[in-house]
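Analysis of the macromolecular model
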Amino acid sequence: MSGGLSTGTLTGADTVRTERSRILAELLTIVDELADRAVAAMRAEIPAYADRADGFLADVREQVGRHYRTKLAVLLEERTVTFEDIAFSRRASMRRAQAGCTLADYINAFRVGQQVFWEAVVAHAGRSFAGQEAALTLASPLMRYCDFASTHAANAYMEYQRYAAAESVQASRDLVELLLAGEAPTRGPQLATAHAHGLNPESRAPLVVVAAVLVGGEPQADARHAACAAIARTGVGRHRTLAVVRQSEIVAVPALGPGGDPGELCDRLQTVQRDLLDEDIVLAMGISTVVEGTAEIPRAFQEARAVLEFLPEDGGVAALPRISPFEYMALRADDTARHLVDPRVLDLLAEDRMRGGVLTATIRAFAAADLNLRAAAERLQIHHNTAQYRLRRIQERTGRNLRHFTDLVDLLVAIALQDVLPPATNPGRERLVSATNEGDGTGDVPSAHESR
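Residues numbered from 1 in each chain as written. Predicted model: local features only at pLDDT ≥ 70, side-chain atom pairs only at ≥ 80, totals over all residues. Heavy atoms only, no water.

A look at the overall build of the protein
The secondary structure content of the protein amounts to 21 helices and 7 strands. A buried classification covers 48% of the 452 residues belonging to the protein. Of all intrachain contacts in the protein linking residues separated by at least 6 positions in sequence, the fraction that spans at least 24 positions is 71%. Total accessible area on the protein stands at roughly 21600 Å², and carbon and sulfur atoms take up 52% of it. (Helix = DSSP H or I, 4+ residues; strand = E, 2+ residues; numbered from the N terminus. Buried < 20%, exposed > 50% of the residue type's maximum accessible area, 1.4 Å probe, protein only. Contact = heavy atoms within 4.5 Å. Areas by Shrake-Rupley, 256 points an atom, 1.4 Å probe, with all protein chains shown as cover.)

Okay, here's the thing in structure tokens:
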């Protein structure tokens, strides 16, 4: 073994780690310069990038810079890159597909960007053995980042191509307009598109209608299309969901098919809504009741639109298949209904909410257990005597005996009316439970207002 190599091994892990941190910190200060170099290299090596307009190149430069900063953050924190780290790249992939870039050119651009970054790592490593050894330790994580990011970028690119090309967007839009007008396609591309999405006009197959809008400020131009493409993937059967951008909203008509579970569809749409938040797309989504056949689509569309008003300003999913008639009446209640609630009940619920909601949880558990106190205590994971004490407290404070049906209904109605109040007038409550399928903080107590 050579003397130089032997000497190098004596530098120690701490020295190498220090050099590694130095290299990354220096690169962090010149990210913009590196992004400029990368774009210049792309234009020199990839003919499709050479003559692009300034707007396209500015977008490329911005994405390269974001990737470099993300890459450096991951390396400095010594962790593995996650999808959340690179969620921003999904929409950029769609923009490259819209601009007519081939997938080969797009992935080649990733390779060029990685090459520019690695050359900078080597340059800043310097001539010392510790610096060069530190650079070598960065090789594997840099390759993993590039593989991970380029794979997700390619998937997003292909997803948009399938959405834009295979779906025949114009035929889908025409079909949606026809269905919303209460008419059925009879021939041509519209009928073919309907069959492709499981919407046979001659059948009474179950379906729902989804209405979605972007909230939270002025959306970017491609945000609606990105959200629409994501919703189109949520079918629960063998058919793809019909989804289009219609002016300022997104309209989708998922066919449930034989045995299709509306609850499963709602779960998938809830997941889409959460995942889009990672891309800074904030969506409010309304889901209609299950209807039979395309003739019911206009009514279902009005339901989906109307239920959007139940959502808070920061979006969510308001799913009618999850909401009972009792809950729906509470959601639609006006101030008069709340004024009819006994002030003693209101005071107890407000105080209980601030203290963690144990009495409210007891009321719900007692009702869910069909007035069986021992079963309610087991649901709450408390002693039977503790549950008995809570019932006495509720009766003393409100004058309501939970063993009397009418008194129990009064309390459940009051709880439901409180549940749907906005956070500003309902301290301790952050979001609408029924509409967003989120827990209400009681943890081990299934609420009458949670998802079904």
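What to know about a nonpolar patch on the surface
A grouping of Phe 326, Met 329 and Val 413 is seen on the molecular surface, where their side chains present a nonpolar patch of about 260 Å² in accessible area. Here Val 413 lies in helix α20 (residues 405-419). (Patch = residues over 30% accessible without salt bridge, like charges linked within 9 Å, V, L, I, M, F, W, Y side chains within 5 Å. Salt bridge = Lys/Arg side-chain N within 4 Å of Asp/Glu carboxyl O.)

Some remarks on the packing of aromatic side chains
Within the structure shown, the criterion is met by 4 aromatic pairs. Considering the side-chain rings of Tyr 68 and Phe 117, the 5.1 Å spacing of their centres and the 55° angle between planes classify their relative orientation as tilted. In this pair, Tyr 68 is assigned in helix α5 (residues 54-76) and Phe 117 in helix α7 (residues 103-125), connecting sequence segments 49 residues apart. The residues Tyr 68 and Phe 117 share a single accessibility class, namely buried. One aromatic cluster is present, built from ring pairs that chain together Tyr 106, Phe 110 and Tyr 157. Sitting above the plane of the Phe 56 ring, Arg 96 keeps its charged end 5.3 Å from the centroid. (Phe/Tyr/Trp six-rings, centres within 6.5 Å; stacked < 30°, edge-to-face > 60°. Lys NZ or Arg CZ within 6 Å of the ring centre and 35° of its normal.)

Considerations on the nonpolar core
Counting 73 residues, the largest nonpolar core has Leu 27, Met 42, Tyr 49, Ile 231 and Leu 283 as its most contacted members. By size, the runner-up hydrophobic cluster in this structure holds 28 residues, among which are Val 244, Leu 311, Ala 318 and Leu 320. (Core = buried A, V, L, I, M, F, W, Y, C linked by side-chain atoms within 4.5 Å.)

Details of the pairing of strand β4 (residues 249-253)
The element β4 is extensively covered by neighbouring structure, given that 5 of its 5 residues are classed as buried. Here β4 shows two buried faces, one formed by Glu 249, Val 251 and Val 253 and the other by Ile 250 and Ala 252. Where strand β2 (residues 210-214) meets β4, 4 bridges bridge the pair, whose relative direction is antiparallel. Bridge pairing links Ala 212 to Ile 250 in β4. (Pairing = 2+ DSSP bridges.)

A look at the sheet that holds strand β5 (residues 283-287)
Across the sheet, which stays open at both edges, the 5 strands sit in the order β3-β4-β2-β5-β7 with mixed pairing between neighbours. In the strand order of this sheet, the two ends are held by β3 (242-246) and β7 (316-319), each with one partner. Strand-to-strand twist in this sheet, taken as the mean axis angle between neighbours without regard to direction, amounts to 15°. For β5 and β7, the ladder comprises 4 bridges, and the chain directions are parallel. Each bridged residue has a counterpart across the sheet, and for Gly 286 the counterpart in β7 is Ala 318. (Axes fitted to C-alpha atoms, helices over the stretch in contact; angles between N-to-C directions.)

Thoughts on the pattern of salt bridges
Taken as a whole and judged by the stated rule, the model has 30 salt bridges. For Arg 22, the salt bridge is made with Glu 19, and the minimal N-O distance between the two is 2.9 Å. Taken together, the residues Arg 22 and Glu 19, both in helix α2 (residues 12-28) and 3 residues apart, mark about one turn of the helix. Residue classification places Arg 22 among the partly exposed residues on the basis of a relative accessible area of 26%.

Observations concerning the confidence of the model for the protein
Of the residues in the protein, 88% have a pLDDT of 70 or more, and the chain-wide mean is 84. Predicted confidence is poor over residues 1-11, with pLDDT under 50, and the contacts of this stretch with residues over four places away or in other chains come to 9 contacts. Taken together, the stretch residues 424-452 has pLDDT below 50 and engages in 75 contacts with residues farther than four places along the chain or on a different chain. (pLDDT = per-residue confidence, 0-100.)

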